[in-house]
Amino acid sequence: MKNKNYRVSRATVYNTLDLLVECDLVTKHQFGKNLAQYEKSYGFKQHDHLICTECNQVLEFCDPRIQNIQNTVGEILNFKVLHHSLILYGTCQKENCENRALA
Ligand SMILES: [Zn+2]
């Protein structure tokens, strides 16, 4: 990243890697105490969707907190949650979409 002139702090890189690991997009291999390597994994564990109500564009996002909610609620209500679906509706970043929704 440094070679390509990306200005990103080390903390940001590691926080992002942690998030990717939690989402199963990246696997962390710990080799010894101070050496870890990260590897791209192909399994898509969970992801949810955002849908633009104006142009129907579908965006995907992955947030491990949703998995946590699923686990917690399942425990509290003694319910075996097998899967979930979550769709957030709104307008995408295209100017037209935002304006049409307000009109
Ligand atoms: Zn749109």
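Conventions used here
Per chain, the residues get numbers from 1 upward, laid out in the order the sequence is written. Selection of residues for local features in this predicted model requires a pLDDT of at least 70, selection of side-chain atom pairs for listing and counting requires 80 or more, and totals for whole chains, interfaces and linings are taken over all residues. With hydrogens and water excluded, all non-hydrogen atoms of the structure serve as input to the side-chain values. Each metal's donors are the N, O and S atoms found within 2.8 Å of it, except that Na, K and Ca use a 3.2 Å limit; water is left out, so coordination can look incomplete. Any coordination sphere not matching a tetrahedral pattern (four donors, all angles between 85 and 135 degrees) or a square planar or octahedral pattern (four or six donors, opposite donors over 155 degrees apart, other angles between 65 and 115) is reported as irregular. Numbering of helices and strands runs from the N terminus, with a helix taken as a DSSP run of H or I at least four residues long and a strand as a DSSP run of E at least two residues long. Here's how the labels work: a residue is buried when its accessible area is under 20% of the maximum for its type, exposed when over 50%, partly exposed in between, all with a 1.4 Å probe on protein chains only. Disulfides are defined as cysteine sulfur pairs within 2.5 Å. Start and end positions for the domains come from either an automated domain assignment or a database one. Charged-residue counts in this description rest on Lys and Arg as positive and Asp and Glu as negative, His and the chain ends being excluded. What makes a salt bridge here is a side-chain nitrogen of Lys or Arg within 4 Å of a carboxyl oxygen of Asp or Glu, nothing more. Whenever two N or O atoms come within 3.5 Å, that pair is a polar contact, provided that in protein one can donate a hydrogen and the other can accept it, and provided that, for residues adjacent in sequence, both atoms are side-chain atoms. Contacts are residue-level and defined by heavy atoms, with any inter-residue pair within 4.5 Å sufficient. Like charges within 9 Å and nonpolar side chains (Val, Leu, Ile, Met, Phe, Trp, Tyr) within 5 Å are joined into patches, using only residues over 30% in relative accessible area that form no salt bridge. Per-residue and other accessible areas follow the Shrake-Rupley method at a 1.4 Å probe size, with only the shown protein chains counted as cover for residues.

1. What about the coordination of the zinc ion?
Coordination angles at a metal have ideal targets, namely 109.5 degrees for four tetrahedral donors and 90 or 180 degrees for six octahedral donors.
No. 1: Looking at the zinc ion, one finds its protein donor set to be Cys 52 (SG), Cys 55 (SG), Cys 92 (SG) and Cys 97 (SG), positioned 2.2 to 2.4 Å from the metal centre.
No. 2: Coordination at the zinc ion is tetrahedral, judged from the 4 donor atoms that bind it and the angles of 106 to 112° they form at the metal.
No. 3: Sequence spacing of the donors to the zinc ion: C-x2-C-x36-C-x4-C. Note that Cys 52 is positioned in strand β3 (residues 48-52) and Cys 97 in helix α3 (residues 95-102), a separation of 45 residues in sequence. Each member of the pair, Cys 52 together with Cys 97, is buried.

2. Describing the state of the cysteines
No. 1: If you walk through the whole model with that rule in mind, you get 1 disulfide.
No. 2: Disulfide partner of Cys 23: Cys 62, at an S-S distance of 2.3 Å. One disulfide, between Cys 23 and Cys 62, carries an S-S torsion of -115° and so falls in the left-handed class. Remark: Cys 62 occurs in the loop between β4 (58-61) and α2 (64-76) and Cys 23 occurs in the loop between α1 (10-22) and β1 (26-31); sequence separation between them is 39 residues.
No. 3: A relative accessible area of 3% means that Cys 23 is categorised as buried.

3. Some details on the domain arrangement of the protein chain
No. 1: The assigned domain composition of the protein chain is domain 1 (1-44) and domain 2 (45-103).
No. 2: A C-alpha centroid distance of 25 Å is found between domain 1 and domain 2.

4. Considering the side chain of Asp 48
No. 1: You can see Asp 48 is positioned in strand β3.
No. 2: Although Asp 48 lies buried, it forms no salt bridge, and the closest oppositely charged side chain, Arg 65, sits 11 Å away as judged by the N-O distance.
No. 3: Among the polar contacts listed, one links the side chain of Asp 48 to the backbone nitrogen of Leu 86, at a separation of 3.5 Å.
No. 4: Contact partners of Asp 48, with chain neighbours within four places excluded, come to Leu 59, Glu 60, Phe 61, Ile 66, His 84, Ser 85 and Leu 86.

5. Quick word on the environment of Asn 15
No. 1: Here Asn 15 is to be found in helix α1.
No. 2: In sequence terms Asn 15 and Met 1 are 14 residues apart; their C-alpha atoms lie 15 Å from each other.

6. Details of a nonpolar patch on the surface
No. 1: Among the surface-exposed residues, Ile 69, Val 73, Ile 76, Leu 77 and Phe 79 lie close enough to one another that they form a single nonpolar patch of about 560 Å² accessible area.
No. 2: Among the secondary structure elements, Leu 77 is positioned in the loop between α2 and β5 (87-90).

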